[in-house]
Amino acid sequence: MTRPFPPIDALVAGLAAGQRGAAHEAPMPSRALIGRALTLVESKRPEHRALAEALLEQLPLPATPALRVGITGVPGVGKSTFIDALGIQLTGLGHRVAVLAVDPSSERSGGSILGDKTRMARLAVDPNAFIRPSPTGGTLGGVAARTRESMRVLEGAGFDVILVETVGVGQSETAVRHLTDTFVLLALAGAGDELQGIKRGIMELADIVLVAKADGDNLRPAHRAAAQLRSALRLLHPHADLPGQGGWAPPVLTISALAPSSADSHLPDAWASVLEHRRHLEAGARLQAVRGEQDVHWLWTLVDEHLRMLTRSSPALAALEAEVRRGQTSPVAAAQRLLRDLAPH
């Protein structure tokens, strides 16, 4: 039996109480309250969707928008380790950090491992941090289906830094670009990542590139890979750093989440690049434009989702699938018939 959710006005009041006031810092909402709100917006049950929409409509946003940072990279590059180290640094500076860690879902069972929280051991117990592992649920692009709604809840609850860790499965990891303001790509020396710079894809979308695990015997290969990536990015963004162009030249840095000191890790340099990109967006109202595009993309995602639900519930769907399976009808003809049946008369 599903545990009932608190009334929407109680959820809204409890979450909004976490927003920082002008003269003092408000206490962070309880983890239980945040968890219930996220469970509500992640739910696929129709009766919960109406409640979730009411929550998102009523929850006020803070005066200063949170920093939304997407973090992607191939499996094994150390995304969770990097986020754990960076998050601890940020909470030490007074930030409230929320992490949405997306895990791949099984195509057979629909389940996922959700192991990212265990790989962020220090951040998981930090009182000024909150980690939410979420399965993709079959959603493409490396993010979960309700990541946007979850970010909205966390921002409304007073988190001023929201980190979105994607699944990390390759060039399809671009959906996070429509969710976050700064897109960080973690690369790995010797894994072919330096060659990605000559491809039009995820490298073209990255705002910041970090070559990870730059320590020990891997230090020199990491610096070599960073140099190659800088050259490749200059080909992708040839005029970005020219005076008067107003563009952004993505920096390439080497980092280590396991270095003995913060200075050796270069994590402060990485975060300084994120802040510099934020200042770049705020100049000339770029941030407002980026957020507007994110909302438009969210609009069409919701429309596509609704249309897909209508299609799945069509009485004619099962018969059309059977005809296509037997070769009696082509997929193109079946799709056209299904769409005609759904169209208003």
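The sections below set out a description of the structure shown in this document. (Residues numbered from 1 in each chain as written. Predicted model: local features only at pLDDT ≥ 70, side-chain atom pairs only at ≥ 80, totals over all residues. Heavy atoms only, no water.)

Moving on: the pattern of salt bridges. Applying the stated criterion across every chain, the model contains ten salt bridges. Between arginine 122 and aspartate 84 there is a salt bridge, with the nearest N and O atoms lying 3.1 Å from each other. Separated by 38 residues along the polypeptide, arginine 122 in helix α5 (residues 121–124) and aspartate 84 in helix α4 (residues 79–92) bring together distant segments of the chain. Judged by its relative accessible area of 44%, arginine 122 falls in the partly exposed class. Across the pair arginine 291 and aspartate 181 runs a salt bridge whose closest N-O atoms are separated by 2.7 Å. Of this pair, arginine 291 sits in helix α11 (residues 286–312) while aspartate 181 sits in the loop between β4 (161–165) and β5 (182–188), and the two are 110 residues apart along the sequence. Exposure class is identical for arginine 291 and aspartate 181. Each is buried. Residues joined in a network through salt bridges with shared partners are Arg68, Glu155, Asp181 and Arg291. (Salt bridge = Lys/Arg side-chain N within 4 Å of Asp/Glu carboxyl O. Helix = DSSP H or I, 4+ residues; strand = E, 2+ residues; numbered from the N terminus. Buried < 20%, exposed > 50% of the residue type's maximum accessible area, 1.4 Å probe, protein only.)

The subject of this paragraph is the pairing of β5. Most of β5 sits inside the fold, with seven of its seven residues counted as buried. The alternating pattern of β5 places Thr182, Val184, Leu186 and Leu188 on one face and Phe183, Leu185 and Ala187 on the opposite face, and all of these are buried. The pairing of strand β1 (residues 67–73) with β5 spans five bridges and is classified as parallel. Along β5, the bridge assignment pairs threonine 72 with leucine 185. Pairing between β5 and strand β6 (residues 208–212): five bridges, direction parallel. When the sheet's bridge partners are listed, leucine 188 is paired in β6 with alanine 212. (Pairing = 2+ DSSP bridges.)

On to the nonpolar core. If you look at the biggest cluster of nonpolar residues, it comprises 47 residues, and the most contacted ones within it are Leu15, Leu55, Val153, Leu154, Phe159, Val209 and Val211. If near-sequence neighbours (up to four positions away) are discounted, leucine 15 is found in contact with Pro29, Leu33, Ile34, Ala37, Leu55, Leu59, Val153, Gly156 and Ala157. Counting 29 residues, the second-largest nonpolar core is a separate cluster that includes Ala101, Leu188, Leu210 and Ile255. (Core = buried A, V, L, I, M, F, W, Y, C linked by side-chain atoms within 4.5 Å. Contact = heavy atoms within 4.5 Å.)

Moving on: the packing of aromatic side chains. Across all of its chains, the model carries one aromatic pair by this definition. On the basis of an interplanar angle of 50° and a centroid distance of 6.4 Å, the ring pair of phenylalanine 130 and phenylalanine 159 is categorised as tilted. Of this pair, phenylalanine 130 sits in strand β3 (residues 129–135) while phenylalanine 159 sits in the loop between α6 (147–156) and β4, and the two are 29 residues apart along the sequence. Summarising the burial analysis for this pair, phenylalanine 130 and phenylalanine 159 share the class buried. (Phe/Tyr/Trp six-rings, centres within 6.5 Å; stacked < 30°, edge-to-face > 60°.)

Now for helix α8 (residues 219–236). Between its first and last C-alpha atoms α8 spans 26 Å; for 18 residues at 1.5 Å apiece the expected length is 26 Å, and the two agree. Those residues of α8 that fall on the buried side of the exposure criterion are Ala222, Ala225, Ala226, Leu229, Ala232, Leu233 and Leu236. Buried residues of α8 fall within an arc of 130° about the axis and therefore sit on the same side. Across from the buried face of α8, at angles greater than 90 degrees, the exposed residues are Arg220, Arg234 and Leu235. Looking at the buried side of α8, the elements it contacts are β5, α7 (202–205), β6 and β7 (252–254). (Expected span 1.5 Å × (residues − 1). Arc of directions from axis to C-beta.)

Below, the discussion takes up the environment of leucine 186. Locating leucine 186 in the fold gives a position in strand β5. Residues leucine 186 and isoleucine 71, 115 residues apart in the sequence, show an inter-C-alpha distance of 7.3 Å. If sequence neighbours within four positions are ignored, leucine 186 has contacts with Ile71, Thr72, Gly73, Val74, Val77, Gly78, Lys79, Phe82, Leu210 and Ile255.

Helix-helix packing is characterised by the crossing angle of the two axes and by the distance between the axes. α11 packs onto α6 with a crossing angle of 135° between their chain directions and a minimal axis gap of 11 Å. In terms of axis orientation, α6 runs oblique to α11. Judged by residue contacts, Arg148, Glu149 and Glu155 of α6 engage Arg291, Gln294, His297, Trp298, Thr301 and Leu302 from α11. Per-class residue counts for the contact of α6 with α11 are two nonpolar, three polar and four charged. (Axes fitted to C-alpha atoms, helices over the stretch in contact; angles between N-to-C directions. Parallel < 35°, antiparallel > 145°, perpendicular 65-115°, else oblique. Nonpolar A, V, L, I, M, F, W, Y, C, P; charged D, E, K, R; others polar.)

Just geometry here; none of it tells us what the structure is for.
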